[in-house]
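Geometric and topological summary
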Amino acid sequence: MSEKYQVVNGNKIHENGDREQNDDASLKEMADCYRLILQNVGENPKREGLLKTPERAAKALLFFTKGYHQKISDVINGAIFTENHDEMVIVKDIEFFSMCEHHLVPFFGKVSIGYLPNNKILGLSKLARIVEVFSRRLQVQERMTKEIAEAVDEALKPLGVGIIVSASHMCMVSRGVQKINSKTLTSVMVGEFRTNQKTRDEFFRLARS
Ligand SMILES: Nc1nc2c(ncn2[C@@H]2O[C@H](COP(=O)(O)OP(=O)(O)OP(=O)(O)O)[C@@H](O)[C@H]2O)c(=O)[nH]1
Ligand SMILES: [Zn+2]
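Residues numbered from 1 in each chain as written. Chains lettered and ligands numbered in written order. Predicted model: local features only at pLDDT ≥ 70, side-chain atom pairs only at ≥ 80, totals over all residues.

Here is the rule: UniProt positions are given in the numbering used here, feature names are shortened, and annotations may be inferred rather than shown by experiment.
An unreviewed UniProt entry annotates the protein chain as GTP cyclohydrolase 1 originating from Polypedilum vanderplanki. On record in UniProt, under Sequence similarities (unreviewed entry), the comment for the protein chain is "Belongs to the GTP cyclohydrolase I family." A UniProt comment under Pathway (unreviewed entry) is attached to the protein chain, and it reads "Cofactor biosynthesis; 7,8-dihydroneopterin triphosphate biosynthesis; 7,8-dihydroneopterin triphosphate from GTP: step 1/1."

**Quick word on the sheet that holds strand S9 (residues 160–169)**
The condition is simple: Strand pairing follows a simple DSSP-based rule, namely that at least 2 bridges must link the two strands. Helix numbers and strand numbers start at the N terminus; a helix is a DSSP run of H or I with at least 4 residues, a strand a run of E with at least 2. Throughout, a pair of residues is in contact if the C-beta atoms placed from their backbones lie within 7 Å. Lines fitted to C-alpha atoms define the axes here, with helix axes fitted over just the stretch in contact, and angles between the N-to-C directions of these axes take values from 0 to 180 degrees.
Read across the sheet, 5 strands follow the order S8-S5-S6-S9-S10 without closing on themselves; strand pairing throughout is mixed. Each edge of the open sheet is held by one strand with a lone partner, namely strand S8 (138–139) and strand S10 (184–191). Of the strand pairs in this sheet, strand S5 (residues 89–100) and S8 are connected by 2 bridges, and their pairing is parallel. When the sheet's bridge partners are listed, Met99 is paired in S8 with Leu138. Along the sheet, helix H4 (residues 124–135) makes contact with S5, strand S6 (106–116) and S8, crossing S5 at roughly 20°.

**Considerations on the domain arrangement of the protein chain**
Note the threshold: Note that the domain bounds were set by an automatic or database domain assignment.
Entries for the protein chain in the domain assignment read domain 1 (5–64) and domain 2 (70–208). Computed from C-alpha atoms alone, the centre-to-centre distance between domain 1 and domain 2 is 31 Å.

**Topic: the UniProt feature "domain: GTP cyclohydrolase I" (unreviewed entry) in the protein chain**
UniProt feature "domain: GTP cyclohydrolase I" (unreviewed entry): in the numbering of this structure it lies at residues 34–207. For residues 34–207, the helix share is 41%, the strand share is 28%, and the end-to-end C-alpha distance is 41 Å.

**A look at the environment of Pro106**
Among the structural elements, Pro106 can be located in strand S6. Remark: the alpha-carbon pair of Pro106 and Lys183, spanning 77 residues in sequence, is separated by 13 Å.

**So, unusual backbone geometry**
Put simply, the rule reads: The burial label depends on the number of other C-beta atoms within 10 Å of a residue's C-beta. Counts of 20 or more mean buried, 12 or fewer mean exposed, and intermediate counts mean partly exposed, with C-beta atoms placed from the backbone.
In this structure, Asn119 is a non-glycine residue whose phi angle is positive, near 70°. Looking at the element boundaries, Asn119 is found in the loop between S6 and strand S7 (120–122). Assessed through the 14 C-beta atoms surrounding it within 10 Å, Asn119 is described here as partly exposed.

In structure tokens form, the structure reads like this:
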């Protein structure tokens, strides 16, 4: 982070645009924005049902984007174990909720993760925690898929990694083209999953079954 910064409403804004957030200050600033949004959709933010809505909405948005404040090494928490297991490991159908960075509406679905160990295995829940870190941000599905692959690859240095993501985008379902049943599939293959057809086929077969 750069040394030069200004303090705006309790948050440090660095010269290069980076922000160091103070949670209370952020909540207040965001709640004020939501109050304006309520007015602009034609609502009265002072009516009883909406009195606490700006604060609730701000907290909800901070929850939906909590991945910005998480580090992969913290969520893995050292749960990498030496094991002489050289067969594919797959955890499939890991549910995720994310937010489309273009419209700030949800997209959600399932992630399947496979890897070929290279004498190291990862605590199974940590694969789901890695998904949480990257899905709880403003995202496009393609980048989220790649970031999950890179994190698993970096943590374990396995012989290969495969990621498949299937998602419904509310920006395509409830607005815009309104294609209610459309699903977007993305995949990223690294190492053996990219170079070895058999490994890739096995992963796709098991992930689909
Ligand atoms: N590749 C990709 N595109 C996305 C994702 N989420 C949303 N989009 C797309 O981002 C595009 C933004 O297009 P724009 O034309 O700028 O926005 P828009 O007028 O709201 O577009 P429509 O959704 O077609 O109404 C749309 O085509 C969305 O479908 C994503 O995860 N990956
Ligand atoms: Zn969108």
